[in-house]
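Residues per chain, in single letters:
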Amino acid sequence: MYPNFVNVDASFNLPFYHPEDPDTIIATMGCRTRTLADRFGRNRQSGKGNLSFNTINLVKLGIRFGICQGSRAVADRAGFYTALESVMQNAAAGLLHRYQIQKKQPAKASDFMMREGVWEGGEQLTPNEPVADLLKHGTLSLGFIGLAECMTALYGRHHGQDSHVHREALNIIRTMREFCDRMSEQHNLNVTLFATPAEGLSGKFTKIDRERYGLIPGVNDREYYTNSFHIPVYYTLPAYRKIELEAPFHTLCNAGAISYVELDGNVRANTAAFLRIVQYALAQDIGYFSINHPIDRCPSCGYEGVIGDVCPTCEAHEDHVHFQRLRRVTGYLTGDYKVRFNAAKQAEVQDRVKHR
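This one's a predicted model, so the numbers in the text were calculated from it and none came from an experiment.

Peer 1: So what exactly am I meant to see when it comes to the overall build of the protein chain here?
Peer 2: A count of helical and extended segments in the protein chain gives eleven helices and twelve strands. Looking at the protein chain as a whole, 51% of its 356 residues qualify as buried. For the protein chain, the share of sequence-separated contacts (at least 6 apart) that also reach a separation of at least 24 residues comes to 65%. Taken as a whole, the protein chain presents about 16,600 Å² of accessible surface, with 51% of it coming from carbon and sulfur.

What follows is the structure, encoded as structure tokens:
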């Protein structure tokens, strides 16, 4: 229904692949997490995981260092990058603090994972033996949220609207990746950059920033911040253009990222277009790609397709019949997103424009 495509041939995945060893094929943990690369040589996805991650609110930094001049915003770039460095240092310190606690735990603290070898090599430990030598193969990740709103706060436009702003957005994420690489070398650990799914933070950060800085049009005037580096869901553009704009961020986010397009109808009606979109995304060096499309079902007659207020087959009305509306929200499938997700994610789903 909602197929995901993991790109083994992506420039940052293919070097780890060995045809004779299927364990070297890139896979994802959860909705996007990537743990393939390992500075200690265990370059495969399974048998390890992401130990923890801390997410940075880029929008807050954008608000602090975007200098509004009428309808334009002129960025204090030096101030922004100085503050970003400080925030990343704090986030990394938190990761390292937790890691020091985690690595001292005895194997019996995670009995099933270790005893059954879910974490590779765990079955060889005695119950009281510390897990440090195993956990070093996992990842510690810095995440980020709201790149689009951050750029709007800094420059008055997001990275889907302006090529200069897009270059600046890439530079921010490249700076974050370089920081993670330095931390990896300094601490001899797998410190990586994560395109955070932001299941709860997208609304939490927005509320906090609105209370502190007031309502800022185009920045915090919605119920949510945009997921990671994505082009905002409410911004209208063709599918191919969204793919082109987001693709360069994938190689920078070595802890995992995903891009998707939201199609405007039942894809079974045009499988040739579906195939072309997928092939184009993979050719653009996207590491993990997905397609969303509406799947509605009428319980009265069983019709499955796109349903507005009235079923096109039996003419049942939504006021009298509860149509099942299958949607994907941050990787999860739900038959009723208005019941199962918070207000921020409900608003995000409702704002999604369809890519033609």
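Moving on from the coordinates now.
Peer 1: Can you walk me through the pattern of salt bridges in this structure?
Peer 2: Two side chains that carry opposite charge are able to pair once their charged atoms sit near each other. The full count for this structure, using the stated rule, is eleven salt bridges. One salt bridge in this structure joins Arg 182 and Glu 85, with 3.4 Å as the shortest N-O distance. Taken as a pair, Arg 182 in helix H6 (residues 163-187) and Glu 85 in helix H2 (residues 77-103) lie far apart in primary sequence, 97 residues in all. For Glu 116, the salt bridge is made with Arg 115, and the minimal N-O distance between the two is 2.8 Å. By relative accessible area, which is 46% here, Glu 116 ends up partly exposed. Residues participating in the shared-partner salt-bridge network are Arg 42, Arg 44 and Glu 120.

Peer 1: Can you walk me through the pairing of strand E2 (residues 50-57) in this structure?
Peer 2: Within E2, seven of the eight residues are buried, which leaves the element mostly enclosed by the surrounding structure. The pairing of E2 with strand E5 (residues 139-145) spans seven bridges and is classified as parallel. Each residue of the ladder has a partner; that of Ser 52, found in E5, is Leu 140.

Peer 1: Got a minute to help me understand helix H8 (residues 239-250) in this structure?
Peer 2: Owing to its 3.6 residues per turn, the α-helix aligns residues three or four sequence positions apart on the same side. Across its twelve residues, H8 extends 17 Å between first and last C-alpha, which sits within 8% of the 16 Å expected from 1.5 Å per residue. Residues Ala 239, Lys 242, Ile 243, Leu 245, Glu 246, Ala 247, Phe 249 and His 250 constitute the buried set of H8. Where H8 is buried, its residues meet helix H5 (147-155), H6, strand E7 (259-262), helix H9 (271-283) and strand E8 (288-292).

Peer 1: Please clarify how H9 should be interpreted in this entry.
Peer 2: The end-to-end C-alpha distance of H9, which contains 13 residues, comes to 18 Å, matching closely the 18 Å that a straight helix rising 1.5 Å per residue would cover. Where H9 is buried, its residues meet strand E1 (4-6), H8, E7 and E8. Just beyond H9, the residue with positive phi is Asp 285, at close to 75°.

Peer 1: How do you make sense of the sheet that holds E1 when you look at a structure like this?
Peer 2: Here three strands make up an open sheet; going across it, the order is E1-E8-E7 and the pairing mixed. A single partner strand is all that each edge strand has here, and the edge strands are E1 and E7. Sheet twist, expressed as the average angle between the axes of neighbouring strands with direction ignored, equals 15°. Of the pairings in the sheet, the one linking E7 to E8 comprises four bridges and is parallel in character. Residue pairing in the sheet places Val 261 in a bridge with Ile 291 of E8. Packed on one face of the sheet, H9 meets E1, E7 and E8 and runs near 155° to E8.

Peer 1: Would you explain the packing of aromatic side chains in this entry?
Peer 2: Describing an aromatic ring pair means giving the distance of the ring centres and the angle of the ring planes. Inspection of every chain in the model, using the stated rule, returns four aromatic pairs. Seen in terms of ring centroids, Phe 229 and Phe 249 are 5.1 Å apart; in terms of plane orientation they differ by 10°. Their pairing is stacked. In this pair, Phe 229 sits in the loop between helix H7 (201-213) and H8 while Phe 249 sits in helix H8, placing the two residues 20 residues apart along the sequence. For the pair Phe 229 and Phe 249, a shared accessibility class is recorded, and that class is buried.

Peer 1: It is not clear to me how the nonpolar core should be interpreted in this structure. Could you clarify?
Peer 2: In a soluble, globular protein the nonpolar side chains are often hidden away together inside. Leu 58, Leu 142, Ile 172, Ile 173 and Met 176 are the most contacted members of the largest nonpolar core, which totals 48 residues. The set of elements that each furnish at least two residues to this core consists of E2, helix H1 (58-65), H2, helix H4 (132-135), E5, H5, H6 and strand E6 (191-195). Here this core takes ten residues from H2, the largest share from any one element. Filtering out sequence-adjacent residues up to four positions away, Leu 58 remains in contact with Phe 80, Leu 84, Phe 144, Ile 145, Gly 146, Leu 147, Cys 150, Ile 172, Ile 173 and Met 176.

About the cut-offs
Residues numbered from 1 in each chain as written. Predicted model: local features only at pLDDT ≥ 70, side-chain atom pairs only at ≥ 80, totals over all residues. Heavy atoms only, no water. Helix = DSSP H or I, 4+ residues; strand = E, 2+ residues; numbered from the N terminus. Buried < 20%, exposed > 50% of the residue type's maximum accessible area, 1.4 Å probe, protein only. Contact = heavy atoms within 4.5 Å. Areas by Shrake-Rupley, 256 points an atom, 1.4 Å probe, with all protein chains shown as cover. Salt bridge = Lys/Arg side-chain N within 4 Å of Asp/Glu carboxyl O. Pairing = 2+ DSSP bridges. Expected span 1.5 Å × (residues − 1). Axes fitted to C-alpha atoms, helices over the stretch in contact; angles between N-to-C directions. Phe/Tyr/Trp six-rings, centres within 6.5 Å; stacked < 30°, edge-to-face > 60°. Core = buried A, V, L, I, M, F, W, Y, C linked by side-chain atoms within 4.5 Å.

Read these as spatial facts, not as claims about activity.
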